[in-house]
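Structure assessment
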Number of protein chains: 2
Amino acid sequence: MMKIFAVGLGPGNSTLMAPMAASAIEQSDVIVGYTSYMELIPELLAGKRTISTGMRGEVERCQEAIDEALLGNTVAVVCSGDSGIYGMAGLLFQLAEAYPEIEIVVVPGITAAIAAAALLGSPLTNDFAVISLSDHLTPWTTIKSRLEAVSQTDMVICLYNPQSKTRSDYLSRACKIMLRHKPADTACGYVRNAFRGDDSTIKLCLLGELADEPVDMLTTVIIGNSFTSVINNKLVTARGYQV
Amino acid sequence: MMKIFAVGLGPGNSTLMAPMAASAIEQSDVIVGYTSYMELIPELLAGKRTISTGMRGEVERCQEAIDEALLGNTVAVVCSGDSGIYGMAGLLFQLAEAYPEIEIVVVPGITAAIAAAALLGSPLTNDFAVISLSDHLTPWTTIKSRLEAVSQTDMVICLYNPQSKTRSDYLSRACKIMLRHKPADTACGYVRNAFRGDDSTIKLCLLGELADEPVDMLTTVIIGNSFTSVINNKLVTARGYQV
């Protein structure tokens, strides 16, 4: 049986990787992934053949995984977080369409929204939207209309890829849109390098201040709704229980 | 130090529980949770004092956890999935507001959206919204406006608590709203008892058929967007890569 595991490693801390993920990697002959994800799991790669590529090598990386599977190898394609959320799983299914003999197994992982929320407190207690601000693969007009729609209906919003060196004003643009519908004193927070030890940054702020915060591609931003407040220095969305 | 862990157990399969969750339970003197969640982890409860309650005992359960922590016990409050997503973490922070001396640590878990998506294929590859159809704690008018907003902007939608015995037409109501903005042939899927062995149901269908499907409170439903299709029997949302 030809098999590819699309494996989510979680936030990058071995205590938050599912045992099923470690087991999938152990069962695989070849491990494929973006270089910085491979660096998260050195002990699991011992004795394995590895294929690593830099950013934006996504199509080539998945194609190589398929080629290896067609040769009879069991392959693990590793992603940080969950492989299905802005990860490689979807692309693997697309590229392998002509090869139904390859079984693609998605091994779920803890995505950045969940990891960041846990460190901030409990901001995702009620309905929320996950939106990437990267317009590399989605037009900005679409991103904008989504931000508008979820802000208007008082949803909590979690932003992935909030800005990069070449998109240095994207969080600021998003804040302008959200501020049309959410008050400037809406409680927010962001986490950089969630659960990666001393490198983690965890910060609370108000929506009116968020545009000026130093966020990058390794940061996950959460914008509360009208039920979100700061309780003992944690970001908490209430869900309507009588307390 | 007074400490409460709000622990997400994941979908209910030990191979998908983070090692950090097992470790938090091991460190705790008292384990608090809804009876059916406690049944997921019998081996971790050996020798522990446990406090379990039925559904809708949420406030009492969290209050008991706080009382135990104030007595000096380390307490784990366990939830299925992630404790911050429609779970107990938010309520714990609210109820413990007057006791800043209690440290509340959220241990993240794999939520139902991620588990269901993995079994269906890769439907959450791009922006998505998570919405609960339960109007026990959120007014139906709010739920309705959120469904409307996210459907209009072509987001993938993941529904929690789609219907119960007393809310037997809620999925049908939601489908009517989504069908105003999404075509009837939009690819969808649902999973009941994700990763719980032989009890799992995994099914694909079209949005036009979804209202008649037999879903319940243990089912997670995912409605695709205009980039979602069925590839080799898997539900896949494309993200815009040139393939």
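Our structure is the block above this text.
Below: a short report on this structure.

In a soluble, globular protein the nonpolar side chains are often hidden away together inside. By size, the foremost hydrophobic cluster in this structure holds 102 residues, and its most contacted members are Ile4(A), Leu92(A), Ile222(A), Ile4(B), Leu92(B) and Ile222(B). Counting 48 residues, the second largest nonpolar core, distinct from the first, contains Ala129(A), Leu159(A), Leu210(A) and Leu210(B).

Our focus in this paragraph is the relation of the copies chain A and chain B. Expressed as a screw transformation, the operator carrying chain A onto chain B has a rotation angle of 180° and an axial translation of 0.0 Å, and the superposed copies differ by an RMSD of 0.0 Å. The two molecules are tied by a two-fold rotation axis, judged by turn and shift. No C-alpha of chain A lies nearer the rotation axis than that of Ala129(A), which sits 2.1 Å from it. Here 100% of the interface residues in chain A have copies in chain B that are interface residues too; the copies meet face to matching face.

Here we come to the packing of aromatic side chains. One pass over the structure, following the stated rule, counts six aromatic pairs over all chains. When the ring of Tyr86(A) is compared with that of Tyr160(A), the centres are 5.1 Å apart and the planes differ by 50°; the resulting orientation is tilted. With Tyr86(A) in the loop between strand S4 (74-79) and helix H5 (89-95) and Tyr160(A) in strand S8 (residues 156-160), the pair connects residues that are 74 residues apart, well separated along the chain. With relative accessibility at 12%, the residue Tyr86(A) sits in the buried group. Above the ring of Tyr170(B), the side-chain terminus of Arg167(B) is found at 5.0 Å from the ring centroid. Over the ring of Tyr170(B) we find Arg173(B); its NZ or CZ atom is 4.3 Å from the centre of that ring.

Here the focus is the state of the cysteines. If you walk through the whole model with that rule in mind, you get zero disulfides over all chains. Of all cysteine sulfurs, the one in Cys62(A) lies closest to Cys79(A), which takes part in no disulfide; the gap is 7.5 Å.

A few words now on the sheet that holds strand S8 (residues 156-160) of chain B. Within the open sheet, the ten strands sit side by side as S10(A)-S9(A)-S11(A)-S8(A)-S7(A)-S7(B)-S8(B)-S11(B)-S9(B)-S10(B). Their pairing is mixed. Looking at strand neighbours, the two that pair on one side only are strand S10 (201-206) of chain A together with strand S10 (201-206) of chain B, the edges of this open sheet. Averaged over all pairs of adjacent strands, the angle between their axes in this sheet comes to 15°, without regard to strand direction. Looking at chain direction, strand S9 (residues 187-192) of chain A and S10(A) are connected through six bridges and run antiparallel. Each bridged residue has a counterpart across the sheet, and for Cys188(A) the counterpart in S10(A) is Cys205(A). Contacts from helix H6 (residues 112-120) of chain A reach S8, S9, S10 and strand S11 (219-223) of chain A, with the element oriented near 65° to S11(A). Of the strands in this sheet, strand S7 (128-132) and S8 of chain B touch helix H7 (residues 140-152) of chain B, which is tilted by about 160° from S7(B).

Conventions adopted
Residues numbered from 1 in each chain as written. Chains lettered and ligands numbered in written order. Predicted model: local features only at pLDDT ≥ 70, side-chain atom pairs only at ≥ 80, totals over all residues. Heavy atoms only, no water. Core = buried A, V, L, I, M, F, W, Y, C linked by side-chain atoms within 4.5 Å. Buried < 20%, exposed > 50% of the residue type's maximum accessible area, 1.4 Å probe, protein only. Least-squares fit on C-alpha atoms with pLDDT ≥ 70 in both. Contact = heavy atoms within 4.5 Å. Phe/Tyr/Trp six-rings, centres within 6.5 Å; stacked < 30°, edge-to-face > 60°. Helix = DSSP H or I, 4+ residues; strand = E, 2+ residues; numbered from the N terminus. Lys NZ or Arg CZ within 6 Å of the ring centre and 35° of its normal. Disulfide = S-S within 2.5 Å. Pairing = 2+ DSSP bridges. Axes fitted to C-alpha atoms, helices over the stretch in contact; angles between N-to-C directions.

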